[in-house]
Structures are given as C-alpha cells and as structure tokens.
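# Architecture at a glance
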Amino acid sequence: MKRITLMCLVVLLQALAYGQFKTVAETPLFEEPETGHAKLLQLKNGNTIVVHLSARNGIDLTIYNPEHKLAGYKHHDPSFGKLKGARVNAIFETNNTIALLISEVHERTPVLYRLLFDGATGNLEREEKIAEAEKYLFKDVRWIPEFDPVNSFSVSKDPASDHYALFIHRDKSDLADKNQMEVVVYNGDHQEISRAFYQPAFKYASLNYLDMAVLGDDRVCILGFAYNEITSNDREGQLVMMTLTKNGRRMTSELLDLSDNRIADSAIVRFNPVTKKLMLLGAAHIEDANPQPYAGFLLIIDPFKAKVEQEINLYPAEADVQKKKLYGPNETFTGMPQDIVINDDGSFSVIYEELISEKHTPRDATPYTYYMLDNLAVASFDVSGKMQSASFIPKKQYLKNTDYPSFYIAQRKLSTQHLIQADQYRSFSYLHTKRKLYVLLNDAEQNTHPENGNVVPMRSLTSAQAFSYVTGSPAPERRLFFGPLKKEEKHALAVFNLSDYNRSTNTYVTLKLEINSKERKSRLVWLTPEE
C-alpha cells in the first residue's frame, strides 16, 4: 500500500513538473535552419505553413496538413532584388491567402512589395509593388548595401477581421507637402478601401509616428507625437490621434493629453473589444528632468470621441520587491513595457523587460554593441485598470548580432524571426491561452534555483534547455517546456520567436532543436498547453 502511494506521489510530482504542455505531433528530424528569416503560421483551413526567406535561396513554403503530415513544398524566386537588403514588414493570413509584405531599397528608393500565396497549395497568386517612400540622398547611403526600409513602412492588422492598414512615411515627398505621410487601408481580399495623406496637426510641423489600430472596416486610428523642433534635441509637442474612416479620403486630427508634458518616444496601440476603447502603451521622457520618472505609460482613449479617459499607473511594484529579494536592496526593476495582452473579459496584462545596450570599443578593432535582455515581469490588471498581480522572472541574455528596439516583442507578431548565429534562441516569447499567460524562453540549466542574484547568461546552446512559466504568482516556477528529455537527448531548445498558436484548436507549434552527443537537428512540434 505504501509502495502504491509512493508511486502515485512520484507520478503527481512528474505531472506538476512537466504537465504544462502535451505533445500532439512532431515531424522527422531535419537540418537546423541557421540563416535567413522564418515564420510558422497555422491557417484557418488546418494547414501549418513554414515560410523561410533568404537572400541566397529566395522564398520556401513547406506545407503540413491538418494531420501534421507533410503535404507540399513550394519554392519562389521573387522578381525584385532577390531579397537583397530586404525586410519583412508583415506576414499574415486573410481568406486562406498568405500575405507577405517585404520592403527593400531599389536605386535608393524604399519600395514595398506584396506577395500573395494560396494557403492550400503554396502557389504564388500575385506579386506587386504597392508603395514607395522617399528616395535616400547620396549622403545617406551607408557603406553596406542594406538600408533600413522597414522604417519607411508600417503595417497593422485588425486581430478581429482581415482588414489591415499601411502607413507610408513620405517626408519631403513630391506626392505630398513636407512632413506629410500617407495611410492606405485594405480589406481581406487586398482591395484598397481608404487612402489619405496626413496633414500636420494644428501648429506642429513634424510627426513621430507611433502605431495604429485597425477597427474592422469602420476606421483606422493612427497615434503619433506631433512636434516642432525648437533647437537640436529639443522638441515641443503633443500626442495626436489621426482617424481615417471607412471610404475616407481625408484624416481628422485631435490633440491628446499626456501627463507632465512628457514626450512620447515609442508606443503600440490596441483596441479593447469589450470596453470599445484604445489602449496606448508607450515609453516617454521629460526633457531636462533629473531624475527621469518611470517612462512607461498606458492611456485609455475613446476612439470615437478622440479623448483620453484614463492614464494607468503601470509600474509593477511586486516585480521590484522580488528583484530586491534576489539581487539585493540596491537593485531596482527598470523593465519597460514590451507588449499588452487583452483577455476575453476586457482585463489585460502587460509584459515588461529590462533592455540595456552596452557599447564596446576594443583596441585596434571594430566597435560593437552588446544588447542585454535582462529580467522580465508580467502584471495583470482588471478591466478598470487596477493592478491585480505581478510576476517577476529573472533572466540574463546577451545579443551581439541583433539590435532589438522598443516594443520588439509586440512588433514581432506580424513579422518574422531573423536566424543569425544562434541569437534566435535567445530573447523570450509568451503564449496567451483562454485562461493562462505563459512566458517561454531558453535558459541556462543552472538557473533552476537562482539564489543571491546568481543568474548566469546562456553561454551556449549545449548549456541550456527550453523552459516555461505560468504567470500570476510573484515568483513563478519554471518547468521544462518539452517535458522529460528523450533517452538520446541531452538538450532540447525552441525557437519560440517564430512559433504560432491557434486559439480555436488550442494548438501551439514551434521549431525544436534536439542536441545529443553526436549531432544537433530540428523538427516541428505541435503541442497543446494547459488552459
């Protein structure tokens, strides 16, 4: 009897340790993809599509059917510059079509292309140039051939419909007055339904574009910081919301208030379908203020009245308490908001990360920058904006090859993951199911029970595993994402940043890296998370 009880206890402990995700299916092993850009998409027809893009090999689409079996492969050589210097601005599904929006610089002009693929066969249905931006001056041409055309185009898709919008930065363009910019709205069949130029707001001549939200076919709300340059690095301005309504040919502009006359540097905006309000999550600063107040802010905006209704205190105090417990009383949580998750009942969560850059100038060598992706936090709020809980997750990750901007976690949803010198295994991701919010990351194995701030970075893939956390408690416990390792496995990691989740089937698909004593190879794995 005691033996049976002990066995039941062991099974229970194993379930607690590994029971968060259950493997549904997996592919045979294949060579690990190490270059280019990649994305996984679970389509409404049940297919899973692997999209892989590279400058050398063009575009590859691998199709798996609803039973997770290989169903097809298609290769495409785009007619434009073989992806040289290209950036993936967005990739998503509409009406069983995969839309791929890619920008590149052609003869010093940023150009945006749209490629449409059939979601069942992978066949290319259409390839077209849909936008151009301002031509680079010769003095702006860098010594490398790759520009950064992603800054010329911004894409936003409505999560509740197939409508999407394109924002084109047309500074000093021949098609518009100085500092004007353009917005184009498309339906799920990729037909243009609205287009308008931005007119400078009131007394302000310039605009720092922040983000936009597409509200079905009704309207698009564009948020920015309108300003005048008083002197170098001295801006006087105010938040502004531009609205382009259905079939509109002209935008309306309304100035908004941000407390303490702060200057909004970066932000994302989301529409809460329960409250019918916009949620502007951003980072700001006050010129000449010393010390600077906490830069994160969250505004609740009525999109139909163009009015700020509420400003919510975002700082996750419990994360600061937990950081001090781990690292000492002199440490302060400095994480900035990276994304916002809205629940079915209108409540929401904010994800934060400590993102620090560190420049190095070796003697007689090329300078480089380390990007330190440090501790993260997740705070949960009720529908009124009152903070309910905050979770702190210690981590330390270094990137030498990749520059991550503000809100890169949010921006990565529509884009792809760059595969570069194993940096794709760093950073973190999250998974939002109906009842839980998971944080997913690869981490050094020895960080299982960090004490006295002894958190080490993931130096190599052979010292790490994939882990998951369920947020909600102040210090969530980490668990092996793939559960117990297979007999031949020594390490199992995941490229969480290119994964996809189908909420209707509660299925998560990711790229798994398996490392044993002889080799390292990859496979796709479909899993169901606990809800």
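Residues numbered from 1 in each chain as written. Predicted model: local features only at pLDDT ≥ 70, side-chain atom pairs only at ≥ 80, totals over all residues. Heavy atoms only, no water.

## Re the environment of Gly 346
Mapped onto the elements, Gly 346 comes out in the loop between β22 (336-342) and β23 (348-360). Through-space distance from the C-alpha of Gly 346 to that of Thr 275 is 6.5 Å; in sequence the pair is 71 residues apart. The residues touching Gly 346, leaving out its near neighbours within four places in the chain, are Asn 272, Val 274 and Val 383. (Helix = DSSP H or I, 4+ residues; strand = E, 2+ residues; numbered from the N terminus. Contact = heavy atoms within 4.5 Å.)

## What about the sheet that holds strand β28 (residues 429-432)?
What the four strands build is an open sheet, ordered β28-β29-β30-β31; its pairing is antiparallel. Each end of this open sheet is capped by a strand with a single partner; those strands are β28 and β31 (478-480). Mean inter-strand twist for the sheet, computed between neighbouring axes without regard to direction, equals 35 degrees. Pairing geometry for strand β30 (residues 464-470) and β31, over three bridges, is antiparallel. Bridged to Ser 468 within β31 is Arg 479. (Pairing = 2+ DSSP bridges. Axes fitted to C-alpha atoms, helices over the stretch in contact; angles between N-to-C directions.)

## A word on the side chain of His 491
Position of His 491 among the secondary structure elements: in strand β32 (residues 491-494). A relative accessible area of 10% means that His 491 is categorised as buried. Reaching out from His 491, the side chain makes a polar contact with the side chain of Gln 465 at a distance of 3.4 Å. Ignoring anything within four residues of it in the chain, the contact list for His 491 reads Glu 445, Leu 461, Thr 462, Ser 463, Ala 464, Gln 465, Leu 485, Leu 513, Glu 514 and Ile 515. (Buried < 20%, exposed > 50% of the residue type's maximum accessible area, 1.4 Å probe, protein only. Polar contact = N/O pair within 3.5 Å; in protein donor to acceptor, adjacent residues only side chain to side chain.)

## Focus on the environment of Asn 89
Looking at the element boundaries, Asn 89 is found in strand β6 (residues 87-94). Assessed through its relative accessible area of 9%, Asn 89 is described here as buried. Here the alpha-carbon distance between Asn 89 and Ser 154, two residues 65 residues apart in the chain, equals 6.9 Å. Reaching out from Asn 89, the side chain makes a polar contact with the backbone oxygen of Phe 153 at a distance of 3.3 Å.

## Things to note about the pairing of strand β4 (residues 58-64)
Counting buried residues in β4 gives seven out of seven residues, a clear majority hidden from the surface. Hairpin geometry of strand β3 (residues 48-54) and β4 is characterised by an intervening segment of three residues between the two adjacent antiparallel strands. Two elements, β4 and strand β5 (residues 70-76), share six bridges in a ladder whose sense is antiparallel. Bridge pairing in β5 links Leu 61 to Lys 74.

## Quick word on the side chain of Asn 272
Inspection of the secondary structure assignment puts Asn 272 in strand β18 (residues 263-272). We classify Asn 272 as buried; its relative accessible area is 2%. Among the polar contacts listed, one links the side chain of Asn 272 to the backbone oxygen of Gly 346, at a separation of 3.0 Å. Apart from the residues within four sequence positions on either side, Asn 272 is in contact with Lys 277, Met 279, Ile 342 and Gly 346.

## A look at the environment of Asp 443
You can see Asp 443 is positioned in strand β29 (residues 437-444). By relative accessible area, Asp 443 is classed as buried at 2%. Separated by 344 residues in sequence, Asp 443 and Ala 99 have C-alpha atoms that sit 33 Å apart. Excluding its chain neighbours within four sequence positions, the residues that come into contact with Asp 443 are Val 456, Met 458, Ser 463, Ala 464, Gln 465, Phe 467, Tyr 469 and Arg 478. Only 2.8 Å separates the side chain of Asp 443 from the side chain of Arg 478, close enough to count as a polar contact.

## Concerning the sheet that holds strand β8 (residues 109-118)
Within the open sheet, the four strands sit side by side as β6-β7-β8-β9. Their pairing is antiparallel. Pairing within the sheet leaves two strands with one partner each, and these edge strands are β6 and β9 (124-132). On average, adjacent strands in this sheet sit at an angle of 20 degrees to one another, irrespective of strand direction. Pairing geometry for β6 and strand β7 (residues 97-106), over seven bridges, is antiparallel.

## As for the pattern of salt bridges
Evaluated as defined, the whole model comprises 31 salt bridges. As a salt-bridge pair, Glu 128 and Arg 114 come within 2.8 Å of each other at their nearest N and O atoms. Highlighted residues: Glu 128 in strand β9 and Arg 114 in strand β8, separated in sequence by 14 residues. We note a salt bridge from Lys 323 to Glu 354, for which the minimum N-O separation is 2.8 Å. Here the residue Lys 323 occupies a position in helix α2 (residues 317-327), and Glu 354 occupies one in strand β23, the gap between them amounting to 31 residues. For the pair Lys 323 and Glu 354, a shared accessibility class is recorded, and that class is buried. (Salt bridge = Lys/Arg side-chain N within 4 Å of Asp/Glu carboxyl O.)

## Some words on α2
Those residues of α2 that fall on the buried side of the exposure criterion are Ala 319, Asp 320, Gln 322, Lys 323 and Leu 326. Along the axis of α2, the buried residues cluster in a sector spanning 165 degrees; they form a single face. Taken together, the buried residues of α2 touch β23, β24 (368-381) and β25 (387-393). Gly 328 sits one or two positions beyond α2 and adopts a positive phi of about 120 degrees. (Arc of directions from axis to C-beta.)

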